[in-house]
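Fold and contact review
These are the residues of each chain, in order.
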Amino acid sequence: MDDVVVRPVDLAARVDDALAVQALAFGLSEDEVAVRRHIVLRHLQNPGACAYGATTAAGRLVGFVYGMPNDRTHWWSTVVQPYLVREGNDDWLDDSFVITELHVHPGFQGRGIGRELITTITDAAEQPRSILSAIDIENPARFLYRALGYRDLARRVHFPSAAKPYAVMGAPLPLLRPN
């Protein structure tokens with residue numbers, strides 16, 4: 001991380017840079033990026049929404065995270081709520097900070113940037129816990145989340161527009177740090 005700095009970012013102003021990172025990291029098509037652009041800009045208007053970016057010395061955005069206090073009326077919450085109820089975990093939808101998106105450019109992954117982004121944003125949260133959703137497979141993202149203290153709250157969660165099932169994960173704040 002010597003040449004990358006994590007700090008607050010005006011994500012609305014850098015939305016196209018952020019979505020270019022997400023497209024590479026998550027394999028999004030141009031049509032998916034166009035849809036997500038409107039979603040990101042709408043999310044950023046929610047009370048308490050905030051974003052952090054990872055930038056190189058030259059100002060290149062190579063990672064970002066954004067989130068907000070969870071609201072049961074938001075689309076994401078309405079989709080995951082039945083799965084959380086089934087597992088006895090729907091109380092996690094209250095008084096939680098939701099990590100909406102976290103992505104790092106593939107060329108910069110494995111350097112601790114994702115960890116720095118998520119711990120920085122959750123350290124600034126006023127809520128006592130954090131929730132997020134991740135593709136329900138064992139991958140580096142899930143390993144990172146577990147190392148930070150996240151645990152599965154519901155698995156095999158199906159979002160209407162997603163081909164793969166997701167897991168909803170939650171962790172008390174502050175997140176765990178390596179010793």
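In what follows, the accompanying structure is described. Note that the coordinates shown come from a computational prediction; the quantities given were computed from them, not determined experimentally. (Residues numbered from 1 in each chain as written. Predicted model: local features only at pLDDT ≥ 70, side-chain atom pairs only at ≥ 80, totals over all residues. Heavy atoms only, no water.)

Some points on the side chain of N89
- You can see N89 is positioned in the loop between α3 (75-86) and β4 (96-104).
- Among the residues examined, N89 registers a relative accessible area of 11% and is labelled buried.
- A polar contact of 2.9 Å, which involves the side chain of N89, links it to the backbone oxygen of L153. (Helix = DSSP H or I, 4+ residues; strand = E, 2+ residues; numbered from the N terminus. Buried < 20%, exposed > 50% of the residue type's maximum accessible area, 1.4 Å probe, protein only. Polar contact = N/O pair within 3.5 Å; in protein donor to acceptor, adjacent residues only side chain to side chain.)

Quick word on the packing of aromatic side chains
- What the rule picks out here adds up to 3 aromatic pairs.
- With centroids separated by 5.8 Å and ring planes inclined at 65°, the aromatic side chains of Y145 and Y150 adopt a geometry described as edge-to-face. Across this residue pair, the class does not change: Y145 and Y150 are buried.
- A ring pair is formed by F159 and Y166, whose centres lie 5.2 Å apart and whose planes are at 90°; its orientation type is edge-to-face. (Phe/Tyr/Trp six-rings, centres within 6.5 Å; stacked < 30°, edge-to-face > 60°.)

Brief notes about the nonpolar core
- Counting 27 residues, the largest nonpolar core has L11, W76, V80, V157 and V168 as its most contacted members.
- Elements represented by at least two residues in this core include exactly α1 (15-26), β3 (61-69), α3, β5 (129-135), β6 (151-157) and β7 (166-172).
- Of all the elements, α3 adds the most residues to this core, at 5 residues.
- Non-local contacts of V80, meaning those with residues more than four positions away in its chain, are made with L93, V157, F159 and V168.
- Of all hydrophobic cores here, the second largest spans 26 residues; its members include A54, L148, A171 and L175. (Core = buried A, V, L, I, M, F, W, Y, C linked by side-chain atoms within 4.5 Å. Contact = heavy atoms within 4.5 Å.)

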